[in-house]
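The residues making up each chain are set out below.
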Amino acid sequence: MPKLQEMMTVVSQREVARDIFEMVLTGEIVADMEVPGQFLHIKVPNDAMLLRRPISISSWDSETNTCTILYRAGDEVTGTRLLSVLTAGQKIDVMGPLGHGFPIDEVKKGERVLIVGGGIGVPPLYELAKRLSKVSCKITVLLGFASKEVKILEQEFRELSNVELKVATDDGSYGTQGHVGLLMNDLDFEPDAVYTCGAAPMLKAVAQKYDTLERLYISMESRMACGIGACYACVEHDKNDESKALKVCEDGPVFTGNEVLL
Ligand SMILES: Cc1cc2nc3c(=O)[nH]c(=O)nc-3n(C[C@H](O)[C@H](O)[C@H](O)COP(=O)(O)OP(=O)(O)OC[C@H]3O[C@@H](n4cnc5c(N)ncnc54)[C@H](O)[C@@H]3O)c2cc1C
Ligand code: FES
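Residues numbered from 1 in each chain as written. Chains lettered and ligands numbered in written order. Predicted model: local features only at pLDDT ≥ 70, side-chain atom pairs only at ≥ 80, totals over all residues. Heavy atoms only, no water.

## Quick look at the layout of surface pockets
Turning to step 1, where the next piece is worked out: Within this model, the largest pocket holds a volume of roughly 1200 Å³.
Turning to step 2, where the next piece is worked out: What lines the largest pocket is a set of 41 residues, and nearest its centre among them are Pro54, Arg72, Ile120, Glu221 and Ser222.
Turning to step 3, where the next piece is worked out: Within the residue set of the lining of the largest pocket, elements represented by two or more residues are strand S4 (53–56), strand S6 (66–72), helix H1 (79–83), helix H2 (123–133), strand S9 (138–145) and helix H5 (200–209).
Turning to step 4, where the next piece is worked out: In terms of residues, the lining of the largest pocket owes the most to one element, S4, which gives four residues.
Turning to step 5, where the next piece is worked out: Counted by class, the lining of the largest pocket contains 22 nonpolar, 13 polar and six charged residues. (1 Å grid on protein atoms, 1.4 Å probe; cavity = no way out; pocket = protein on both sides within 12 Å on 5 of 7 lines; lining within 4 Å. Points joined across faces, edges and corners; volume = space filled by probe spheres on them. Helix = DSSP H or I, 4+ residues; strand = E, 2+ residues; numbered from the N terminus. Nonpolar A, V, L, I, M, F, W, Y, C, P; charged D, E, K, R; others polar.)

Right, here's the structure in full:
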């Protein structure tokens with residue numbers, strides 16, 4: 001029976017890039033983590049901030065019973081900034097794992113998989129790539145960041161087998177100069193499956209390029225309140241029926257390209 005909510009313990013926290021923090025947490029709900037792309041709904045340690053912050057699970061380790069998140073801390077009046085000052089041993093109120101993640105069971109050995117990530121959308125793609133690299137498919141990962149100061153997880157992706165990684169930065173301070181879409185346009189193969197997470201314009205570019213691909217998986221973001229499908233704060237339009245609401249927290253955050261209107 002999933003536990004869903006608990007006081008998790010902070011194992012460690014460090015700033016891995018400018019204003020981007022990596023927090024490792026331990027708790028019983030790690031045992032419920034099965035699919036990459038799910039998220040945690042985190043209570044900020046300030047009673048005046050009632051709404052939880054949705055943050056993707058970047059990776060988890062069942063053996064050590066830990067999970068890792070990477071998140072950008074806003075300015076000093078934001079909830080994420082308050083999270084960023086927590087230190088090892090402190091407790092934090094967490095709901096999760098929530099939502100539907102990236103389907104990976106259909107990926108077969110030898111298939112070509114494309115993963116496209118941007119900015120703070122990159123973290124959930126790391127557990128995805130870890131899982132897929134064990135299937136021995138050929139994985140191309142394209143990551144885009146605003147600049148090298150906010151580049152994350154590059155080394156972790158490079159250490160995975162069967163992964164070819166390319167990085168772009170908007171200002172050209174690292175890798176190819178320009179938007180990650182430029183890297184996508186240079187590809188010389190047709191992928192069997194595409195997975196993406198990042199800012200809305202990037203998702204749109206990926207969805208347009210691969211609009212006929214059945215296995216196109218898009219992780220969406222939305223302002224959330226309850227996080228469990230009850231309040232309808234997080235709705236997006238259904239591609240096939242604009243009058244129908246898709247809830248990012250419950251039906252998503254990962255949708256197929258055929259489901260969601262971008
Ligand atoms: C499914 C999902 C996964 C996410 N994963 C990550 C992640 O791995 N790393 C990361 O850095 N960010 C992630 N985000 C975005 C993150 O939730 C927001 O940046 C964060 O909630 C902003 O909170 P704040 O305390 O910094 O800002 P505040 O200004 O204090 O937030 C005010 C309110 O707006 C909400 N809000 C503000 N921006 C967003 C946003 N972009 N999305 C949803 N709610 C927002 C906050 O949750 C809060 O309720 C994710 C969002 C979603 C929906
Ligand atoms: S956040 Fe309440 S329904 Fe999605």
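Alright, that's what it looks like, and here's the rest.
## Focus on the UniProt feature "binding site: [2Fe-2S] cluster" (unreviewed entry) in the protein
Turning to step 1, where the next piece is worked out: Mapped onto this structure's residue numbering, the UniProt feature "binding site: [2Fe-2S] cluster" (unreviewed entry) falls at Cys226, Cys231, Cys234 and Cys249. The greatest C-alpha distance among the annotated residues, which extend across 24 residues, is 10.2 Å, indicating that they converge on a single site.
Turning to step 2, where the next piece is worked out: Tracing the chain through its elements places cysteine 226 in the loop between strand S13 (216–219) and strand S14 (235–237).
Turning to step 3, where the next piece is worked out: For cysteine 226, a relative accessible area of 22% gives the class partly exposed. (UniProt positions renumbered as here; feature names shortened; annotations may be inferred. Buried < 20%, exposed > 50% of the residue type's maximum accessible area, 1.4 Å probe, protein only.)

## Here we look at the pairing of strand S10 (residues 163–169)
Turning to step 1, where the next piece is worked out: For S10, a buried count of five out of seven residues is recorded, marking the element as mostly surrounded by other parts of the structure.
Turning to step 2, where the next piece is worked out: Where S9 lies against S10, seven bridges are found, and the strand directions are parallel. Residue pairing across strands places phenylalanine 145 opposite threonine 169, the latter belonging to S10. (Pairing = 2+ DSSP bridges.)

## Thoughts on the domain arrangement of the protein
Turning to step 1, where the next piece is worked out: Domain assignment breaks the protein into domain 1 (5–98), domain 2 (102–219) and domain 3 (220–261).
Turning to step 2, where the next piece is worked out: Measuring from the centre of the C-alpha atoms in domain 2 to the corresponding centre in domain 3 gives 22 Å.
Turning to step 3, where the next piece is worked out: Contacts between domain 2 and domain 3 engage eight residues on the former and eight residues on the latter.
Turning to step 4, where the next piece is worked out: Together domain 2 and domain 3 conceal approximately 690 Å² of surface at their shared face, both sides included; 58% is due to carbon and sulfur atoms.
Turning to step 5, where the next piece is worked out: Of all residues in domain 2, the largest losses of buried area upon contact with domain 3 belong to Leu216, Ile218 and Ser219, amounting jointly to 55% of the total for that side.
Turning to step 6, where the next piece is worked out: The interface formed by domain 2 and domain 3 contains zero salt bridges.
Turning to step 7, where the next piece is worked out: At the surface where domain 2 touches domain 3, the tally comes to two residue pairs in polar contact (both at pLDDT 80 or more).
Turning to step 8, where the next piece is worked out: Of the residues belonging to the side of domain 2 that touches domain 3, the class tally is six nonpolar, one polar and one charged. (Domains from an automatic or database assignment. Contact = heavy atoms within 4.5 Å. Buried area = accessible area lost by both parts, 1.4 Å probe. Salt bridge = Lys/Arg side-chain N within 4 Å of Asp/Glu carboxyl O. Polar contact = N/O pair within 3.5 Å; in protein donor to acceptor, adjacent residues only side chain to side chain.)

## Notes on the site of ligand 1
Turning to step 1, where the next piece is worked out: Every one of the 18 residues lining ligand 1 counts as a neighbour, but Pro54, Arg72, Gly79, Thr80 and Arg223 are closest to it.
Turning to step 2, where the next piece is worked out: Within the side chain of arginine 53, an N or O atom sits 2.8 Å from an oxygen atom of ligand 1.
Turning to step 3, where the next piece is worked out: In the environment of ligand 1, a nitrogen atom lies 3.0 Å from a nitrogen or oxygen atom belonging to the side chain of serine 56.
Turning to step 4, where the next piece is worked out: A total of 840 Å² of accessible area belongs to ligand 1 in isolation, and the protein chains cover 80% of it.
Turning to step 5, where the next piece is worked out: Most atoms of ligand 1, that is more than half of them, are within 2 Å of grid points of the largest pocket.
Turning to step 6, where the next piece is worked out: The leading source of residues in the shell around ligand 1 is S4, at four residues.
Turning to step 7, where the next piece is worked out: Residue composition of the shell around ligand 1, by class: eight nonpolar, five polar and five charged.
Turning to step 8, where the next piece is worked out: Here the shell around ligand 1 spans two domains, since at least three of its residues come from each of domain 1 (5–98) and domain 3 (220–261). (Near = heavy atom within 4 Å. Areas by Shrake-Rupley, 256 points an atom, 1.4 Å probe, with all protein chains shown as cover. Sits in = over half its atoms within 2 Å of the grid points.)

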